[in-house]
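# A look at the structure
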Amino acid sequence: MSTLSSAHSASYSSSSSISCHRQSLKVPSLAKRVLQIKFALNSVRSSFQNAVQMQEGALATTPAPIENKTTLKSLKDGLLSVTSPQNYKEAADFDINNDESTVSITVVGASGDLAKKKIFPALFALYYEGCLPKHFTVFGYARSKMTDAELRNMVSKTLTCRIDKRENCGEKMDEFLKRCFYHSGHYDSEENFSALDKKLKEHEGGRVSNRLFYLSIPPNIFIDAVRCASLSASAGNGWTRVIVEKPFGRDSDSSAALTRGLKQYLAEDQIFRIDHYLGKELVENLSVLRFSNLIFEPLWSRQYIRNVQFIFSEDFGTEGRGGYFDHYGIIRDIMQNHLLQILALFAMETPVSLDAEDIRNEKVKVLRSMKPLSLENVVIGQYKSHIKGGITYPAYTDDKTVPKDSLTPTFAAAALFIDNARWDGVPFLMKAGKALHTKRAEIRVQFRHVPGNLYNRNFGTDLDRATNELVIRVQPDEAIYLKINNKVPGLGMRLDRSNLNLHYAARYSKEIPDAYERLLLDAIEGERRLFIRSDELDAAWTLFTPLLKELEEKKIIPEYYPYGSRGPVGAHYLAARYNVRWGDLSVDQQ
């Protein structure tokens, strides 16, 4: 292990395509005082946990409050009273690079597809780029019986090195896999998590232990896993954080119940609700584009913007995953989280700073300013079987895991509005669907027509062709381009619509990191701005819950559309109601 540590330390200081902004921190006397209280708090918590575990039947019940509650509260109050939020964060995070500290990352649900395809590859990419701490360990935890060697063999099949940086690839993989271990256990067993705790301590070697748990498991067992991890495998003298994957409930009530359950064992700042779309390069660049470019910020309002479109499409169906999808549908799966989060980032006011709480405060204000969705502003659809080029494409209900009479939408379009001074009257259109003609995720900002345009006659009656449009293509083939009107070279006066194009693949030679890499790194560092806060989640569900209940109670039949088409015709009528044309359907769209 010492050989690995020194080898990794050498690569850690080298430049990389990911900005690993971790720095060595000097601990001020004030921060040391904070840590003394923090360690005392952990000691009390540990005593509390031991007392609970000694009680007969405690493993199957929620621990009742005991006398230590007052002590815990007083210690927490003392911790918050001796330092500012900035100094508290500094004290909490200072040991991440210290030789006397270590980070243990436990992937709960390690045998699942998400872990194999996304989480382990992202952790390796961070290691390859030198972004992980000097001392770290990765543990897989699942019910499947597996040895360390079998886990490493499973993980090795999904690891890849950067296209633009392949030196020592095999060597780096071997080094990373040597730091991967496995422990088999049930998600609701404190005994199994206690055994995991013993293994973690062996690898931590007496250092200050920081522990990150990634819950890559179904939401119905989140609380059991959190209870067991919190009571039996929390860090003794460092931080403990838990990453929770969506879905965060099915509606306002179930989401609130999940939050209450998690907060029985974790503080809000220990819970990292992940929406991987917030980690995508173009989404993170959204605030940079707006707030650091003078040409855009003055235009970012109802005065100049006619409508904004958030478009998500996949060119494939459920393909055997219909059982999971049928329980949630496209609105819960894509709209209520991915697209709504991007909308909040797009429409928020300028935050006081780039601090996580300042940004999330502004996002919550946007969500609370929005009208709940009504059925009249929504169109739903479901793909049907279609024959194209001699190939038969299946209907949604042809999926063997989907009920034959399912009314679950695989497509939805919606018009939302923000009731504030900046955006009053501007339609924000969302569209998301499966089995469509193309795969894409993009933001389209359509500006207003030029008043008294001298060149209107050159555009004829279709003034939309003269409309400036800013397109932010999130995936695939990331790009930002602005559609402008331009004179075609020649003696006549012929106008053309051209693009001012920032194509990422052409402009930047380095490969764009996967969203999970950025979010995992942020969670390790304690950076929360790309994670969802509980009040933010509540506000999001408030917008969609009435609609979802109405759709299910009234058993609204979706409009059927052919597999591989552009979706239901009703989506075009919805846009036309607000004098909007979907930008991804234009003749000259890219």
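Residues numbered from 1 in each chain as written. Predicted model: local features only at pLDDT ≥ 70, side-chain atom pairs only at ≥ 80, totals over all residues. Heavy atoms only, no water.

This paragraph deals with the overall build of the protein. Scanning the protein for helices and strands turns up 18 helices and 18 strands. Surface exposure of the protein reaches about 26,500 Å², of which carbon and sulfur atoms provide 53%. (Helix = DSSP H or I, 4+ residues; strand = E, 2+ residues; numbered from the N terminus. Areas by Shrake-Rupley, 256 points an atom, 1.4 Å probe, with all protein chains shown as cover.)

This next bit is on helix α16 (residues 515-525). When you tally the buried positions in α16, you get 11 out of 11 residues, the bulk of the element. Residues of α16 that are buried: Ala-515, Tyr-516, Glu-517, Arg-518, Leu-519, Leu-520, Leu-521, Asp-522, Ala-523, Ile-524 and Glu-525. Where α16 ends, the next residue or the one after it, Gly-526, has phi of about 80°, a positive value. (Buried < 20%, exposed > 50% of the residue type's maximum accessible area, 1.4 Å probe, protein only.)

This part takes up the environment of Phe-124. Relative to the assigned elements, Phe-124 resides in helix α5 (residues 113-128). Each C-alpha atom, one on Phe-124 and one on Met-173, is 7.5 Å from the other, the two residues being 49 residues apart in sequence. Beyond its immediate chain neighbours, meaning those up to four positions away, Phe-124 contacts Leu-159, Thr-160, Cys-161, Lys-172, Met-173 and Phe-176. (Contact = heavy atoms within 4.5 Å.)

Let us look at the nonpolar core. In a soluble, globular protein the nonpolar side chains are often hidden away together inside. In this structure, Phe-176, Phe-310, Ile-331, Phe-346 and Phe-428 are the most contacted members of the largest nonpolar core, which totals 150 residues. If you tally residues by element for this core, the top one is helix α12 (residues 322-347), at 13 residues. Residues contacting Ile-331, with those up to four places away along its chain left out, are Gln-336, Ile-380, Ala-412, Phe-544, Leu-547, Leu-548 and Leu-551. (Core = buried A, V, L, I, M, F, W, Y, C linked by side-chain atoms within 4.5 Å.)

A few words now on the packing of helix α13 (residues 356-368) against helix α17 (residues 534-553). In the contact formed by α13 and α17, the axes pass within 9 Å of each other and the chain directions differ by 20°. Here α13 lies roughly parallel to α17, going by the angle between them. When the axes of α13 and α17 are compared, the crossing they make is left-handed. Between α13 and α17, the contacting residues are Arg-360, Lys-363, Val-364, Leu-367 and Arg-368 on the first element and Asp-535, Glu-536, Ala-539, Ala-540 and Leu-543 on the second. (Axes fitted to C-alpha atoms, helices over the stretch in contact; angles between N-to-C directions. Parallel < 35°, antiparallel > 145°, perpendicular 65-115°, else oblique. Left-handed = near helix turned anticlockwise from the far one by under 90°.)

Time to look at the pattern of salt bridges. Evaluation of the coordinates by the stated rule reveals 31 salt bridges. Note that Glu-284 is salt-bridged to Arg-529, the shortest N-O span being 2.6 Å. In this pair, Glu-284 is assigned in helix α11 (residues 281-291) and Arg-529 in the loop between α16 and β17 (531-532), connecting sequence segments 245 residues apart. Residue Glu-284 is classed as buried on the basis of its relative accessible area of 18%. With its nearest N and O atoms 2.8 Å apart, the salt bridge here joins Arg-290 to Glu-297. Note on Arg-290: relative accessible area 2%, which makes it buried. Its relative accessible area of 21% is what places Glu-297 among the partly exposed residues. (Salt bridge = Lys/Arg side-chain N within 4 Å of Asp/Glu carboxyl O.)

Let us now look at the packing of aromatic side chains. For the coordinates displayed, the defined rule picks out 25 aromatic pairs. Between Phe-346 and Trp-423 the ring centres are 5.9 Å apart and the planes differ by 40°, which places this aromatic pair in the tilted class. Taken together, the residues Phe-346 in helix α12 and Trp-423 in the loop between β11 (411-416) and β12 (428-433) connect sequence positions 77 residues apart. Aromatic pair Phe-411 and Tyr-561: ring centres 5.8 Å apart, planes at 65°, arrangement edge-to-face. One end of the pair, Phe-411, is in strand β11; the other, Tyr-561, is in strand β18 (residues 559-562), with 150 residues separating them in the sequence. Residues Phe-411 and Tyr-561 agree in their burial class; the two are buried. Grouped by ring-pair contacts, the aromatic residues Phe-325, Tyr-383, Tyr-393, Tyr-396, Phe-411, Tyr-561 and Tyr-563 constitute a single cluster. A cation over an aromatic ring shows up here: Arg-241 above the ring of Trp-239, its NZ or CZ 3.8 Å from the ring centre. (Phe/Tyr/Trp six-rings, centres within 6.5 Å; stacked < 30°, edge-to-face > 60°. Lys NZ or Arg CZ within 6 Å of the ring centre and 35° of its normal.)

Another point: the sheet that holds β18. Across the sheet, which stays open at both edges, the nine strands sit in the order β16-β15-β14-β13-β7-β12-β11-β8-β18 with mixed pairing between neighbours. Strands at the two margins of the open sheet, each flanked by one partner only, are β16 (495-503) and β18. Neighbour to neighbour, the strand axes of the sheet diverge by 20° on average, direction disregarded. Bridge count for strand β15 (residues 479-487) against β16 is nine bridges, and the pairing is antiparallel. Bridge pairing in β16 links Lys-487 to Leu-495. Packed on one face of the sheet, α11 meets β13 (440-447), β14 (469-475) and β15 and runs near 145° to β14. Lying over the sheet, helix α18 (residues 570-577) contacts β8 (378-384), β11, β12 and β18, oriented at roughly 5° with respect to β11. (Pairing = 2+ DSSP bridges.)

Our focus in this paragraph is the packing of α12 against α13. Direction vectors running N to C along α12 and α13 enclose 105°, while the axes themselves pass 9 Å from each other. With respect to each other, α12 and α13 are oriented roughly perpendicular. Contacts between α12 and α13 involve Leu-340, Gln-341, Leu-343, Ala-344, Leu-345 and Ala-347 from the first element and Ile-359, Lys-363, Val-366 and Leu-367 from the second. Classifying every residue of the contact of α12 with α13 by side-chain character gives eight nonpolar, one polar and one charged. (Nonpolar A, V, L, I, M, F, W, Y, C, P; charged D, E, K, R; others polar.)

To continue, consider the confidence of the model for the protein. Of the residues in the protein, 79% reach a pLDDT of 70 or more, and the chain-wide mean stands at 80. Mean pLDDT across the elements of the protein ranges from a minimum in helix α1 (residues 2-12), with 36, to a maximum in β11, with 96. Counted against residues more than four places away or in other chains, residues 1-18, with its pLDDT under 50, gives 35 contacts. Every residue in residues 22-95 is under pLDDT 50, and counting partners more than four places away or in other chains gives 83 contacts. (pLDDT = per-residue confidence, 0-100.)

Mapped onto the fold, Arg-360 is located in helix α13. Each C-alpha atom, one on Arg-360 and one on Arg-529, is 6.7 Å from the other, the two residues being 169 residues apart in sequence. If we ignore the near neighbours within four places in the chain, the residues touching Arg-360 are Arg-528, Arg-529, Phe-531, Ile-532, Arg-533 and Glu-536. Looking at Arg-360, its side chain comes within polar contact range of the main-chain oxygen of Arg-528, at 3.4 Å. (Polar contact = N/O pair within 3.5 Å; in protein donor to acceptor, adjacent residues only side chain to side chain.)

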